[in-house]
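One-letter residues, chain by chain:
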Amino acid sequence: MAKHISTSQLKSKLRQAEQKQRKTINDYNRAVKKYNQQVKKNVDAYNRYVREYNASVRKNKQIITRELRKLNNYNNSTYIVSTQTMHRYYMNVSTVYGEGIPVTQEQNVILDLIESEQANSVITSNVIENNDIPEEDTEDREIGDRLRLVSEDLDNRWKGAVYALNPQNPDAARHFCTSAREIFTEFIEMKAPDLDVFNYNPKCAKTDRGNATRKEKIRYMMRNKDMDSCVVEFVEADITNILELFHVLSDGTHGAAGRYEFSKLLQVKKRVEQGINFLCAISR
């Protein structure tokens, strides 16, 4: 026999059912609203990133064009030639990864850093070789903890190099260059030991001493980035340019206070620091 339910009990059960339904609908609406807000937040963040990225790229392209025009008005030293060579590889990258070419987020970061590296190279060349004052600066990309994550020893060397850039230190340029050159050399050796490079590519190019060439080591460091070989060529040209800068600075430290003003050495510090940051990014 069916259980008898009074009218009041029936109304109570209906009210409970209605309340449960309203709660379910409200919970659903809140979840949809929260989701839409998060989507909008993500879209806004992405659009903001795109705007900032495009503005940064446009700025760096303008700097590169202006600084290269000034650089080409002077006689070519070995250092300036290395900067111009680097620019040719930069143009190759720009051609391969032109507007509208699909890239991953990681590849996009590397391409952004390439723009910055090229801009800093021509600025620094004009500052050092042509006694120029930059008309416009590039974005600061400090190393932070990136180098320490690779090696505490290299991080300590970098701190020592920066410490050597003291206005009261007459040998500031030489001390800085010695430490910074070792950082670049040992960084590459740590990230791309010969044995690992040979295992990755048994037919890789070798130096006269039987070691893997720097280009092969860079190629190994970037093995998971899936980028065109023109990027590897640019990275090698970038490192060559920085090492040539060290050579120029080491030759210019004669005299009680050295040849270069402290403001110029700060531009060198920025060039080198962002170069190390670039190496950290491509080898991550």
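In this report, we go over the structure that sits alongside the text. (Residues numbered from 1 in each chain as written. Predicted model: local features only at pLDDT ≥ 70, side-chain atom pairs only at ≥ 80, totals over all residues. Heavy atoms only, no water.)

**Here we look at helix 9 (residues 229-250)**
Link 1 in the chain: Here helix 9 is 22 residues long and its end C-alpha atoms lie 32 Å apart, about the 32 Å a rise of 1.5 Å per residue gives.
Link 2 in the chain: The opening residue of helix 9 is Asp228, an N-cap whose side-chain oxygen sits 2.9 Å from the backbone nitrogen of Cys230. (Helix = DSSP H or I, 4+ residues; strand = E, 2+ residues; numbered from the N terminus. Expected span 1.5 Å × (residues − 1). Polar contact = N/O pair within 3.5 Å; in protein donor to acceptor, adjacent residues only side chain to side chain.)

**Topic: the nonpolar core**
Link 1 in the chain: Residues Val231 and Val272 are the most contacted members of the largest nonpolar core, which totals 61 residues.
Link 2 in the chain: Among the elements of the structure, helix 1 (7-71), helix 2 (78-96), helix 3 (105-129), helix 5 (152-164), helix 6 (172-191), helix 8 (214-221), helix 9 and helix 10 (262-282) are those that each provide at least two residues to this core.
Link 3 in the chain: Looking at which element gives the most residues to this core, the answer is helix 9, with 12 residues.
Link 4 in the chain: Here Val231 is in contact with Val93, Tyr97, Ile110, Ile114 and Met222, once residues within four sequence places are set aside. (Core = buried A, V, L, I, M, F, W, Y, C linked by side-chain atoms within 4.5 Å. Buried < 20%, exposed > 50% of the residue type's maximum accessible area, 1.4 Å probe, protein only. Contact = heavy atoms within 4.5 Å.)

**Some thoughts on unusual backbone geometry**
Link 1 in the chain: With a phi close to 55 degrees, Asp226 is a non-glycine residue in the positive phi region.
Link 2 in the chain: Relative to the helices and strands, Asp226 resides in the loop between helix 8 and helix 9.
Link 3 in the chain: The class of Asp226 is exposed, set by a relative accessible area of 68%.

**Let's talk about the environment of Ser125**
Link 1 in the chain: With respect to the helices and strands, Ser125 occurs in helix 3.
Link 2 in the chain: Each C-alpha atom, one on Ser125 and one on Ser82, is 9.7 Å from the other, the two residues being 43 residues apart in sequence.
Link 3 in the chain: With near-sequence residues (within four places) excluded, Ser125 lies in contact with Leu71, Tyr79, Thr83 and Asn130.

**Describing the packing of helix 9 against helix 10**
Link 1 in the chain: Where helix 9 meets helix 10, the closest approach of the two axes is 11 Å, and the angle between their N-to-C directions is 150 degrees. Here helix 10 runs roughly antiparallel to helix 9, going by the angle between their axes. Judged by the sense of rotation from one axis to the other, the crossing of helix 9 with helix 10 is left-handed. Across from Phe234, Val235, Asp238, Ile239, Asn241, Ile242, Leu245, Phe246 and Leu249 in helix 9, the residues of helix 10 making contact are Leu265, Val268, Arg271, Val272, Gly275, Phe278, Leu279 and Ile282.
Link 2 in the chain: Grouping the constituent residues of the contact of helix 9 with helix 10 by class yields 13 nonpolar, 2 polar and 2 charged. (Axes fitted to C-alpha atoms, helices over the stretch in contact; angles between N-to-C directions. Parallel < 35°, antiparallel > 145°, perpendicular 65-115°, else oblique. Left-handed = near helix turned anticlockwise from the far one by under 90°. Nonpolar A, V, L, I, M, F, W, Y, C, P; charged D, E, K, R; others polar.)

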